[in-house]
Structure formats: C-alpha cells, structure tokens
Amino acid sequence: MVIAPPQGVTTTERPVKLGVAGLRIRYGEQTALEGVTLDVYEHEIFGVIGPANAGKTSFLKAINRMDMFNTDMHVEGQITFNGLDTRKVRNVYGLRRRIGVVFPLPVGLPLSVYDNVALSPRLRGEKNRAELDVIVERCLRRAALWDEVKDRLDTLGSMLSGGQQQRLTIARALSQDPELLMLDEFSIAVDPVTTMRIEDVLKELRQEVTIILVTNLVQQARRLADRTAFFLDGRCVEVGVTEDLFTGEVQDQRTRDYVDGRFG
Amino acid sequence: MEQQSRQAVPRLDSDFDRLNRDWYIDKAVQVLVFLGGISAIVFIIGIFVFITKEGFGFLVGDFNFREFFFSPNWRPTSENRETFGILALIAGTASVTGLAMLVAIPFSLGAAVFIAEFASGKTREFLKVTVELLAAIPSVVWGFIGLAMMNPLIIKTFNVPVGLNVLNAGIILGLMAAPIMTSIAEDALKAVPDRYREAAEAMGATRWQVIYKVVLPAAKNGLLGAVLLGVGRGFGETMAVLMATGHSINIPTSVFDSVRALTATIAAELGETAAGSSHYQALFTIGIFLFVVTFIINLLADLVVRGVRKG
Ligand SMILES: Nc1ncnc2c1ncn2[C@@H]1O[C@H](COP(=O)(O)OP(=O)(O)O)[C@@H](O)[C@H]1O
Ligand SMILES: [Mg+2]
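So, a few notes on the structure that sits alongside this text. (Residues numbered from 1 in each chain as written. Chains lettered and ligands numbered in written order. Predicted model: local features only at pLDDT ≥ 70, side-chain atom pairs only at ≥ 80, totals over all residues.)

Focus: the overall build of chain A
Reasoning step 1: Counting secondary structure elements, chain A contains 10 helices and 10 strands.
Reasoning step 2: With the principal axes as the frame, chain A shows a C-alpha extent of 50 × 40 × 40 Å.
Reasoning step 3: Evaluated residue by residue, chain A yields a buried proportion of 45% over its 264 residues.
Reasoning step 4: By sequence separation, contacts in chain A at least 24 residues apart represent 67% of the contacts at least 6 residues apart. (Helix = DSSP H or I, 4+ residues; strand = E, 2+ residues; numbered from the N terminus. Buried ≥ 20, exposed ≤ 12 C-beta atoms within 10 Å, placed from the backbone. Contact = placed C-beta atoms within 7 Å.)

Encoded structure:
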C-alpha cells in the first residue's frame, strides 16, 4: 500500500516510505516538537538539520516507537511506514527490525565484533553459521570496517576505537537489512576521516535503503541529502530540496540564516 | 647587555616553601587514611597468624596429611586411637553448599532480573528493601526454621526417619544465601548501561531477547561473582548448618543423609577441648583450611567481578 505523494511534488513519482502528518511530541506537559508534516521518499537521503533541542532526536524516537520506553513521552499525529500507521502496528518488534538506528554516541555492545553484527540476524532466528559468516562480512565491508577487524572478530566490540565502534554500529544496523536507516548525528564521536568514509558508505547505500540523516553539520546535509528539513525550537520550519535551502528560494529567512551560520 | 637583563629579573619569592598548618593537616590525614586502609590487611594477617599458631603444634607434630584429608573418620576423642580425618566433614559442607546453590541460583537470578529489568518505581523499591531485610535475618533464625519447621515437613513429605539432613540444610542455606546473591546480581544488571538495552531494543529485540542476548552476557562477570560469593557464604555458615544438618558424620549418598559441616564441627567442639590438646589444634587446622578456601573463593569472586579473567 502506498500513500499518494503530497500535492505540489510533481518532479518525482517516488513512493512514500515514511509519511508524517500533524506530528506532535511532548514530554509530560512540555512540547518538544509539533507541526511536522512531511514525506520521506523511498531511496532518498532525507536530511534533518537544526540546532540543539530542536526536536530532531525526538522525531527519530517517535518513528521507531522508542517512546514506548519513556512513560513521559507522548506522540500525537500520524506516522506511516510503508503506508502502515506505526501507532497501530501490533508487532512493534517487527517494525523496529525494518528500521536501523545509529545513535549519536557509538554503542558497541559488550559482545564480540562478530556477535555484534550477528545479533540482529540471530534475533530473526538465523542459526546457520555459514550464513551468519556471510552476513557479518558483507555488513562489515559495507560499513568500511572489515579490513580493520577481520583478524579480530572475537574481540569485544566495546574495545574498538570510537570511530570503529560507530562503523560497527552502522554494520549492525545494516545487518538488520533495514528498509529505513536513521542516523542521529553520527559524526559527533568520529574523526573527520572516518566521517568521510561513512559518508561515502551512505552515498552507496542510497541505492538500496531509505536514509534519514539527522545532522548538526549543515554541510554534511548539503553533501548527502536529497531533501532536507529544518527544525527549530520544536517546529519544522522548512522542508525542501537540499540545494534550495542553501541557494534557492526559502520560505523562511531563518532557514537561510541557519545554513549560512548566522545563528545556531 | 647580559648584566642588564639579569638585573631586570625580579627577586624570586621563596616564602611559599614553609611547612604550614595545611601541610601538617594534609600529612596527618594521609597517615590516618593509610592506617585505616591497611588495618584490614593487618587484621587478616593477624587472624591468620593466630589460627596458624594455635594449630601449629598439630601441623608439625601429629598431622598426617593423608589421614586429615582422605580419612572419613573424625574421632578426636577416641580412647585407643584418635583419628582426625575431615573428608566426611568436607563432603558434608560441599554437599550442603552445592544443594544450596541449586536452590539459590534460580531464585536469586530470577529475583535480580525481575527487580532490575521489569519492576519499576514503588515495586522496585519495595522489593529491594524486602531483599535487604531477608539478608539481615540472623542465621540462628534460619537454623530454627530448619529445625522446627523443615524437619517435620521433610519427615512427613518424604516419609524418612530424620528430617535434619542435606536436603534440609541445603534449602535453608540456599534461602539464606539468595538475598545477598540477589543484591549483588541486581547491582551487576543495573551496571549494564541503558544504552545497550536501547540499542538492542531499537533493533527490534523483544524484552526477553534484550535480557538474554545483551544484558546477561554483559553482566556475566558480576553474576558469576554473586554465585561465588554465595558459595563462600555457604562454606562459612555455621549456626544454620549446625542446626539443620543433623550433625552426624557421614559421607552422604542421598540428600536424606545427615551430615556434619566443617564449621559446625569447630563451633560444637572447640568449647569442650583443652587448649593445646591435639583435638584443639586439629580444630584450628580445620580453621586454617576454611580460611584458605574462603580466601580463595572470595579472591576468585573478586577477580571475576572485576573481569580480570578475560572473556
Ligand atoms: N527524555 C526526555 N524527557 C524530557 N524532555 C526531553 C527528553 N528528551 C528530550 N527532551 C526535550 O525535548 C526537546 C527536544 O529534544 P531533542 O529531541 O533531543 O532535540 P535535538 O535532538 O534536536 O537536540 C528538548 O527541549 C529536550 O529538553
Ligand atoms: Mg539529538
């Protein structure tokens, strides 16, 4: 099932992967994000930029239903994934398995490198060692980590360097074979060289998965994202083709000020 | 030129280098804290020296290694020939401790997982306080429960002549060790950072999968430490096993056999021996043995908790 693309978008006929309508997120009585209505198309990199506390992380949490872990967090409005209302899915684990998440700080689980990447396939019930070997190698290769760890797959994932752990996290997310990959300021704990390598990986992944890239680096959004949303103080100020935010027409002057580095 | 620049340098003020009040207080605190710190070591060594000294005559004189460790005959007051074999006592302690762990491990692990992973808010606090209360019950009370409640219950349920046996003491000791093991296991689970859980949950792991695949492996050192501490507890427990084992010398062949523990033997007999007699010294040699074993178990527990052992 596919929801029709929103009015005004005629250049692309791409199916909507993620549909967000009238989203409002609050913690207790305090609103963290409201008035978000946007679509993310299949196989695009969708950037989300904005200063700290704009509501970017909350947005991602609402998408894969991480609000379930926080009794304070309330989500109103509609989020559809493949046309299915995420509030109404019965098997939330099934939903999450199709959505890979990479957190700002790398989380190398205290398992071996191999087990980190094999965890998700194992959760799905994969037991065949040969099959797992293939998956582990493929995901580590795609995350540009294979060459560095192939000789020590049984060291603890939490013992790798920060940049390696972040790529391990990405490999683990890829091992889910996700349809949607969400990255939350992944370069915060990563050196510039590794950041560039991961960016190259993301460019390639665009062929296969839909990516939501939350970033505090506007230039990163410019380098990678097809379209970008600008969040500010709990509101979605602007959604548009990324390049337009930098050089074209903007609906809100604050967007241009932000991408030009005049505030935030 | 050089002369001039030298003159331009102001006189250095060396007044700071005096041993003032702050300096003395600091030194005094350092010494006090150091004494406090090493006092534990001093006591341990002191105790070890004391029991070794008391058992020393036996160790160098009548001590027969083979008899001591491999004879099941503990006949310290025999008229014709005294025998000091502790094999049966070791078997008694080991069987009771082993059964106690079979009882305590599922209880304490289950309780720890529930408290750390499922319970929240008031339930959690209430359970934690309850567990601590349980841990504070004096062992003589547990012994009393074994004697007065478990004994008739076992006799009736299993239709056996005596209810003071391995089964009774094992259950009592297991229940006794469970609260402290729960506490430590729960600490170990709580020490697993939430971001691990979140990461696994974000991947679509169910709650049980998160616990089984991520939390338990991450906490395995702490959990193993909890078990070893329970073992140490079982080994050293005296009063409850004295009351619940039946206190008769036996190498048990079933859980319904009465046994006697190392600790209980010391407690029951030390008061009746003449200081310096072979019997007295043999009891102290048991003490040395207990000391060494408990020390090793605790050391292992400590190493494991700290994860020094790789893996
Ligand atoms: N767990 C939480 N409990 C209460 N308030 C929160 C929580 N997480 C985020 N917030 C609030 O929600 C707002 C948006 O936060 P966040 O989504 O983390 O923004 P960003 O990722 O853009 O920095 C902030 O004002 C923050 O204080
Ligand atoms: Mg954030």
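Next comes the rest of the description.
Things to note about the overall build of chain B
Reasoning step 1: A count of helical and extended segments in chain B gives 13 helices and 2 strands.
Reasoning step 2: For 311 residues, the compact-globule estimate of 2.2 N^0.38 gives 19 Å, and chain B exceeds it by more than 25% at 27 Å.
Reasoning step 3: A principal-axis box enclosing the C-alpha atoms of chain B has dimensions of 105 × 65 × 35 Å.
Reasoning step 4: Burial analysis of chain B (311 residues in total) assigns 38% to the buried set.
Reasoning step 5: Put simply, of all contacts in chain B between residues at least 6 apart along the chain, 72% involve residues at least 24 apart. (Rg over C-alpha atoms; globule rule 2.2 N^0.38 Å.)

Looking at the site of ligand 1
Residue and element names in this part refer to chain A.
Reasoning step 1: Around ligand 1 lies a shell formed by Y27, A32, G50, A52, N53, A54, G55, K56, T57, S58, N70 and D72.
Reasoning step 2: A per-element tally of the shell around ligand 1 places helix α1 (residues 56-63) first, with 3 residues.
Reasoning step 3: Its residues assigned to classes, the shell around ligand 1 comprises 4 nonpolar, 6 polar and 2 charged. (Near = placed C-beta within 6 Å. Nonpolar A, V, L, I, M, F, W, Y, C, P; charged D, E, K, R; others polar.)

Section: the nonpolar core
Reasoning step 1: Counting residues in each nonpolar core, the largest one holds 150 residues, and the members touching the most others are A:I212, A:L213, B:I172 and B:M181.
Reasoning step 2: For this core, the element with the highest residue contribution is helix α7 (residues 166-190) of chain B, accounting for 16 residues.
Reasoning step 3: Ignoring anything within four residues of it in the chain, the contact list for A:I212 reads A:V40, A:F46, A:V48, A:L60, A:L180 and A:M182. (Core = buried A, V, L, I, M, F, W, Y, C linked by C-beta atoms within 7 Å.)

Concerning the interface of chain B and chain A
One widely used convention gives an interface's size as the accessible area the parts lose upon coming together.
Reasoning step 1: The interface of chain B with chain A comprises 14 residues on the first partner and 17 residues on the second.
Reasoning step 2: Among the secondary structure elements, those contributing two or more residues to the side of chain B that touches chain A are α8 (194-202) and α9 (207-218) of chain B.
Reasoning step 3: Looking at the side of chain B that touches chain A residue by residue, the class counts come to 8 nonpolar, 3 polar and 3 charged.

A short note on unusual backbone geometry
All names here are of chain A.
Reasoning step 1: Residue A144 is not a glycine yet carries a positive backbone phi of 60 degrees.
Reasoning step 2: Residue A144 is classed as partly exposed on the basis of its C-beta count, with 18 C-beta atoms lying within 10 Å.
Reasoning step 3: Backbone geometry places D233, a non-glycine residue, at a positive phi of 45 degrees.
Reasoning step 4: Topologically, D233 is positioned in the loop between β9 (227-232) and β10 (235-241).
Reasoning step 5: Of the residues examined, D233 has 12 C-beta atoms within 10 Å and is grouped as exposed.

Some details on the packing of helix α3 (residues 113-124) of chain A against helix α4 (residues 129-142) of chain A
Residues and elements named next belong to chain A.
Reasoning step 1: In the contact formed by α3 and α4, the axes pass within 9 Å of each other and the chain directions differ by 115 degrees. On the basis of the axis angle, α3 is roughly perpendicular to α4. The element α3 and its partner α4 pack so that their crossing is right-handed. Contacts between α3 and α4 involve Y114, V117, A118 and P121 from the former and L132, I135, V136, C139 and L140 from the latter.
Reasoning step 2: Class assignment for the residues of the contact of α3 with α4 results in 9 nonpolar, no polar and no charged. (Axes fitted to C-alpha atoms, helices over the stretch in contact; angles between N-to-C directions. Parallel < 35°, antiparallel > 145°, perpendicular 65-115°, else oblique. Left-handed = near helix turned anticlockwise from the far one by under 90°.)

So, the pairing of strand β1 (residues 16-27) of chain A
Residue and element names in this part refer to chain A.
Reasoning step 1: By the bridge criterion, 8 bridges tie β1 to strand β2 (residues 30-41) in an arrangement that is antiparallel. Along β2, the bridge assignment pairs I25 with L33.
Reasoning step 2: Here β1 folds back onto β2 in antiparallel fashion, the turn holding 2 residues, of which G28 has a positive phi close to 60 degrees.
Reasoning step 3: In this structure, β1 lies alongside strand β4 (residues 73-81), joined through 8 bridges in antiparallel fashion. Looking at the pairing, R24 lines up with E76 of β4. (Pairing = 2+ DSSP bridges.)

Some points on the pairing of β10(A)
Residues and elements named next belong to chain A.
Reasoning step 1: As paired elements, β9 and β10 share 6 bridges and run antiparallel to each other. Bridged to F230 within β10 is E238.
Reasoning step 2: Hairpin connection of β9 to β10: 2 residues between the antiparallel strands, including D233 at a positive phi of 45 degrees.

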